[in-house]
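# Structural overview
What follows is the residue order along each chain.
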Amino acid sequence: MSHDTMLHRAQARLADAAKHLNIDPTILEKWESPKETTQARLTIQMDDGSHKHFLAFRSRYDDTRGPTKGGIRYHPSVTADEIETLALLMTVKCALANLPFGGGKGGVQIDPHPLSKTELEGLARGYVRCFSHVIGPNRDVPAPDVNTNSTTMAWIADEYAFIVGEWTPGVTTGKPTSLGGSLGRDDATARGGYYLLQYMAKHIGFTPGARVAIQGFGNAGSHMAQLLESDGCKVVAISDSKGAIVCKTGIDIKQLNAAKERNGCVTSFAGSNGVSKIAADELVSVDCDLLVLAAMEDMVHAGNAANVKAPIILELANSPITAEADEILKSKNFVVLPDILANAGGVIVSYFEWVQNRQGYYWSIEDIHALLKTKMEEEGAAILALAKDKNITLRSAAYVHALSRLVGAIY
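An account of the accompanying structure is given in this report. (Residues numbered from 1 in each chain as written. Predicted model: local features only at pLDDT ≥ 70, side-chain atom pairs only at ≥ 80, totals over all residues. Heavy atoms only, no water.)

Time to look at the overall build of the protein. Within the protein, the secondary structure is distributed over twelve helices and twelve strands. Projected onto its principal axes, the C-alpha positions of the protein cover 55 × 55 × 45 Å. Buried positions account for 57% of the 411 residues belonging to the protein. The protein carries 40 positive and 46 negative side-chain charges, and their two centres are separated by 2 Å. (Helix = DSSP H or I, 4+ residues; strand = E, 2+ residues; numbered from the N terminus. Buried < 20%, exposed > 50% of the residue type's maximum accessible area, 1.4 Å probe, protein only. Lys, Arg positive; Asp, Glu negative; His and termini not counted. Charge placed at Lys NZ, Arg CZ, Asp CG, Glu CD.)

Within the structure shown, the criterion is met by zero disulfides. Just so you know, Cys 288 is unpaired, no disulfide at all, and the nearest cysteine sulfur is the one on Cys 233, 11 Å from it. (Disulfide = S-S within 2.5 Å.)

Right, let's talk about the layout of surface pockets for a bit. Roughly 840 Å³ of internal volume is contained in the second largest pocket. As for the second largest pocket, its lining consists of 28 residues, of which Lys 330, Thr 393, Leu 394, Arg 395 and Ser 396 are closest to the centre. Looking at the lining of the second largest pocket, the elements that each hand over two or more residues are α1 (6-18), α5 (188-204), α8 (323-331), β12 (335-337), α11 (365-390) and α12 (394-410). Here the residues of the lining of the second largest pocket sort into 13 nonpolar, six polar and nine charged. (1 Å grid on protein atoms, 1.4 Å probe; cavity = no way out; pocket = protein on both sides within 12 Å on 5 of 7 lines; lining within 4 Å. Points joined across faces, edges and corners; volume = space filled by probe spheres on them. Nonpolar A, V, L, I, M, F, W, Y, C, P; charged D, E, K, R; others polar.)

Contact geometry of α5 with helix α10 (residues 345-359) gives a least axis separation of 6 Å together with a crossing angle of 115°. Relative to α10, the crossing made by α5 is right-handed. Here α5 contributes Ala 188, Thr 189 and Gly 192 to the contact with α10, which in turn contributes Gly 345, Gly 346 and Val 349. Here the residues of the contact of α5 with α10 sort into two nonpolar, four polar and no charged. (Axes fitted to C-alpha atoms, helices over the stretch in contact; angles between N-to-C directions. Left-handed = near helix turned anticlockwise from the far one by under 90°. Contact = heavy atoms within 4.5 Å.)

Contact geometry of helix α3 (residues 117-131) with helix α4 (residues 150-164) gives a least axis separation of 9 Å together with a crossing angle of 50°. One element, α3, and the other, α4, form an angle in the oblique class. Every pair of crossing elements has a handedness; the one defined by α3 and α4 is right-handed. Of α4, the residues touching α3 (which contributes Lys 117, Leu 120, Glu 121, Ala 124, Arg 125, Val 128 and Arg 129) are Thr 152, Trp 155, Ile 156, Asp 158, Glu 159, Tyr 160 and Ile 163. Along the lines of polarity and charge, the residues of the contact of α3 with α4 split into seven nonpolar, one polar and six charged. (Parallel < 35°, antiparallel > 145°, perpendicular 65-115°, else oblique.)

Time to look at the packing of aromatic side chains. Here the structure, examined in full by the defined rule, presents seven aromatic pairs. The residue whose ring lies beneath Lys 202 is Tyr 199, and the NZ or CZ to ring-centre distance is 5.5 Å. (Phe/Tyr/Trp six-rings, centres within 6.5 Å; stacked < 30°, edge-to-face > 60°. Lys NZ or Arg CZ within 6 Å of the ring centre and 35° of its normal.)

Relative to the 16 Å expected for twelve residues at 1.5 Å per residue, helix α6 (residues 219-230) spans 17 Å between its end C-alpha atoms, a close match to the ideal helical length. Next to the buried residues of α6 lie α5, β6 (211-215), β7 (234-240), α7 (253-263), β10 (290-293) and β11 (312-315). A positive phi of about 95° marks Gly 232, the residue just after α6. (Expected span 1.5 Å × (residues − 1).)

A few words now on the side chain of Lys 375. Tracing the backbone through its elements, the reader meets Lys 375 in helix α11. As a buried residue without a salt bridge, Lys 375 has its nearest oppositely charged side chain in Glu 379, at a separation of 4.6 Å. Residues in contact with Lys 375, not counting those within four places in the same chain, are Ala 97, Asn 98, Leu 99 and Ile 348. (Salt bridge = Lys/Arg side-chain N within 4 Å of Asp/Glu carboxyl O.)

Attention now goes to the pairing of β6. Among the five residues that make up β6, four are buried, leaving the element largely enclosed by the rest of the structure. In this sheet, β10 lies alongside β6 in parallel orientation, the contact comprising four bridges. From the neighbouring strand, Ile 214 faces β10, where its bridge partner is Val 292. (Pairing = 2+ DSSP bridges.)

Put into structure tokens, the structure is as follows:
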């Protein structure tokens, strides 16, 4: 295996965690490769009658603790290495959150933005036809990810029902509430990170009224911006895939949401109320108290980590900081709230949805929020204690905590 792949970097973090546990080192061999990765050619009919073909993947990395669980992303740069890495991270994340799931992930190598709604539906249904033998409520449960949403999950659940001959709501999570989706799923990733930040605040020096920069203004980033603003924080910079904006006095999130809805990008808000444009890659070096990384992988790397000014970094995206950047941030004594815990709210509420689907009884939004808050605080407390006891970073502690649960399920 190449030593510079995403997968190898994730495995290195597990190997590092193993040094802090009294376990047989050969056990790590179990996670050197996924249990199964399926690659398929997905064909869809376009609106003009032509057919197009796309590469599609589904990886089930490990199911020691239960059915595999993980999102489906649509992106031109999707690769098997990326999907397998994210499936391994989901394995670790589900163990960390103490959910009865293993880790999975799926993807299609496509830019979905030019597609019509009919073509997007064909894409989702085509994905199920390729992978109906892989997915299932007791085997592998997909969810939304980059460029997929509740409508995608509805199409997938409907196509799966057609193939197996019965309505099976637990085959996906992140569905619309009208089709068995859970209340609270829309902002779960951000809310989980927000609850963790609130709980950790006194331990890491996070104070009310803090200045925040948010990289990525999709589902997680936009909801986090709203939660932090309503808590009295000042959101001073935001970026999306098309650019970034900055405003020392704070960006009005409600107005920004309306501008992005109208124009499709955050930079369209520049020029009003003291908001100015900056290059997207300048976002990470904005002077602020908290940097929220809610975009893609490897956004903070050896080339820009030294420019980060925020002493607290919250990872809402998967793997947004490289291992080299981690070392640079550690040398500056910056605190990183790691992705496998900070963004676990999404999979935790997905678990709640799966449970509700299986029992046919649905919980109130208050119940969902209370259960999510408890879960984030329980695991946050465990990781804080581990980090202090072993004098390691919160990321290392998260991996140690997760690995101990994975190992416990094997022996």
